[in-house]
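Architecture and fold: a report
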Amino acid sequence: MSKFDNSKVMPRYSVIAIIMSLVAVAVIGKTIYTMTAGRTYWLEVAASQKKDSVTVKPTRGNILSCNGQLMASSLPEFKVYMDFNALKAAGNDTAFIDSINYISKGLNNIFPEKSAAYFKKYLMEGYHKESKHWAIWNERIDYNTFKEIQSLPIFHLSKYKSGFHWDEFNARRRPFGSLAQRTIGDMFGAKDTARCGLELSYDSILRGTNGIIHRRKVRNKFLDITDTPPIDGADIITTIDVSMQDLAERALLDELKDPNVNGNVGVAIVMEVATGDVKAIVNLDKCSDGEYREVKNHAVSDLLEPGSVFKTASIMTILDDGLVDTMYTVQTGPGVWNMYGRDMKDHNWTRGGYGTLTLPWTLKYSSNIGVSRIIDMHYHKNPEKFVQGIYDLGLATDFHVPIVGYSPARIRMPHKNSRGQYDNWSATALPWMSIGYETQIPPISTLTFYNAIANGGKLMQPRFVKQIVKNGEVIYNNPPKVLKERIAKESTIKNITRILTEVVSEGLGKKAGSDKFLVAGKTGTAQMSKGALGYKTGGTNYLLSFAGFFPADKPRYSCIVCIQKTGLPASGGGMSGVVFHHIAEGIMAQSLKLNVTDAHDASSVTIPTAKTGNLLATDYVLNSLGFQITNGWNGAYPFGNPIWGTTTIKGKSLTFQKEQTPKANIVPDVHGMGARDAVYLMEKHGIKVILTGRGRVIKQSVAPGEKVKKGMKCELRMG
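Below is a summary of the structure that appears in this document. Just so it is clear, the structure is predicted and the values come from calculations on it, not from any experiment.

What counts, and where the lines are drawn
Residues numbered from 1 in each chain as written. Predicted model: local features only at pLDDT ≥ 70, side-chain atom pairs only at ≥ 80, totals over all residues. Heavy atoms only, no water. Helix = DSSP H or I, 4+ residues; strand = E, 2+ residues; numbered from the N terminus. Contact = heavy atoms within 4.5 Å. Phe/Tyr/Trp six-rings, centres within 6.5 Å; stacked < 30°, edge-to-face > 60°. Buried < 20%, exposed > 50% of the residue type's maximum accessible area, 1.4 Å probe, protein only. Lys NZ or Arg CZ within 6 Å of the ring centre and 35° of its normal. Core = buried A, V, L, I, M, F, W, Y, C linked by side-chain atoms within 4.5 Å.

A few points about the side chain of Gln 461
- If you trace the backbone, Gln 461 turns up in the loop between strand 21 (459-460) and strand 22 (465-470).
- Other than its neighbours up to four places away in sequence, Gln 461 contacts Thr 275, Gly 276, Phe 399, His 400, Lys 481 and Leu 483.

This is how it looks when you write it as structure tokens:
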């Protein structure tokens, strides 16, 4: 007989089977519902737990000077916020209310421009609004300020417990401030995008490559999972020399601020002759508040009529064509010469002019009549030949300067129509072009031309960037580039170099010269056109220039200085030439290397004198310099307990004389000591020191041997 009663068991199995079937149908039904009607809802829920393709910005590369000094670097900046929802969810809202006064006071200490009451009211407003992204401070802050805020009550907790969170940015900072600002470049701070200069030109290299992460929410926290790591930007090494840049900027700024100058715009560029490296580039604009700042890169973008610095090219062209030599003479008359119905004037026309001049003296005196007549007499019927000669000198070359806004020179080539008549040329075009009008040339092009003269005729590409470096390795090398091996015959280069040297030593460029080395160059004073308004409407504006190189016998650097000003006095040699002089002498002084033996003569004192004070320190210094002390310690104990005394010289030997240190309650004698030892000894005796002057102690206000009193002060006069 069976143990189981089928009549009782089977109904139970049937009930279980029916229930399981119903559950299975329900699961299938729910699945179908989720996949169809509920699909959109559950996709939104999944999306809230996951964030795909979150961009991670790389660190922007640095811009360095030619010797590795930081000129632009990326530093972290932060914007800080509060998520009051997260604060309440973590159960720390009560603690926040209890700490609000401390938090507000702390924020007031960090940002004193806002009161503690303001911060309390402001934060409570965000608290009541239950804001998830309430800005604690509306501006970006640096890392140190960020850490100060993060140390405040509540804020020091994790962001999931405190609600304190932040956005991080790569802020661009220039350690040398505005030095070469328009050339190094700027960033749009809010967008972290390049604005101008090398920052913009090399943006793709400096910027690097964005990384990508996705974020998944696990136990109410987002975890970052890297898909593609960011690739940091590379560094670029420029040709800028910080010391030369600073020197050029100060020299130019001093001249612009001179009441006799009161310049509107100033430009100075220094170029290394052999390489074409731009070592300094200054662009200063006078702003509405009367201060000078870098606003526009005039050095590469200003298309202006260069004036008399162009005369060098005119004379070189005719010398190179062999139409005249340096003994050629020209009649300039009384300083006024009518040329095709228009008067050409020399700067001294009110004083009777120069009369007859040889070709070199037309440049030395910067004679408009002399240069224009020489050119017009030989090229009037064939101006194309003259302009082609200017092209051959490199003045019209597009140098592809890697700075946004650069404009190559515009020098008009004569053109004839089908009837053989010039359709873009007039009778006066050639004479006025020969003296620097009728053309538009940026200062960088003029300087590159003068640099070629200094370089023996070799035309170099102006170089702003030497290398691109990543993780200490050079990934791109940009060597000096020769654009043209020779812009003119060797004889022409030698003749023009001699003439330019005489312009400075004998002519109008004397203020640019130096009594320490030879300088070659040319002055330029030109009226500036105001377009359709002409040259003199609303007051005459002048472009004052000096372009040249130094030392003239072995050129190392070329330089151009341009000043734009309104009204007289206006002198290229007397104003821009002065700036050139200061830059040239400053650069040569920086590179001056002297041997210490040059300072020795029969009267030289070869044994040094030492101040009264700590003999151990004196012994260490004298031994390091190679001097032996008869009763010294061979420099072995520089940091031992001080031994006080004096140093005496006997013949060619040095001897120490120890002195007993007075008791702790007695004022010591510090006469003859240096500031360091005197202050140490006085303060060890409990006496506060007031120092005046420098050198060694020559007088102490409290006499040695007096008893020390509490709070005693002693003034030490140094000399």
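Quick look at the packing of aromatic side chains
- For the structure shown, the criterion picks out 23 aromatic pairs.
- Aromatic pair Phe 119 and Trp 137: ring centres 6.1 Å apart, planes at 35°, arrangement tilted. On the criterion of sequence distance, the pair formed by Phe 119 in helix 5 (residues 116-128) and Trp 137 in the loop between strand 4 (134-135) and strand 5 (141-142) is long-range, its members being 18 residues apart.
- Centre to centre, the rings of Phe 155 and Phe 164 are 5.0 Å apart; their planes meet at 20°, and the pair counts as stacked. Considered together, Phe 155 and Phe 164 belong to a single accessibility category, that of buried residues.
- What links up through ring pairs into an aromatic cluster is the set Phe 78, Tyr 143, Phe 146, Phe 155, Phe 164 and Trp 166.
- Seen from the ring of Trp 432, Arg 342 lies directly overhead, with NZ or CZ sitting 4.0 Å from the centre.
- Taking NZ or CZ as reference, Lys 345 lies 4.0 Å from the ring centre of Trp 349, over its face.

Describing the nonpolar core
- With 85 residues, the main nonpolar core has Ile 269, Met 316, Ile 444, Phe 449 and Ile 487 as its most contacted residues.
- In terms of residue count, helix 18 (residues 443-454) provides more of this core than any other element does, seven residues in total.
- The residues contacting Met 316, other than those within four sequence positions of it, are Leu 393, Phe 449, Ile 453, Ile 487, Ala 488, Thr 492, Ile 493 and Ile 496.
- Ranked by size, the runner-up nonpolar core spans 32 residues in total, among them Leu 247, Val 270, Phe 550 and Met 588.

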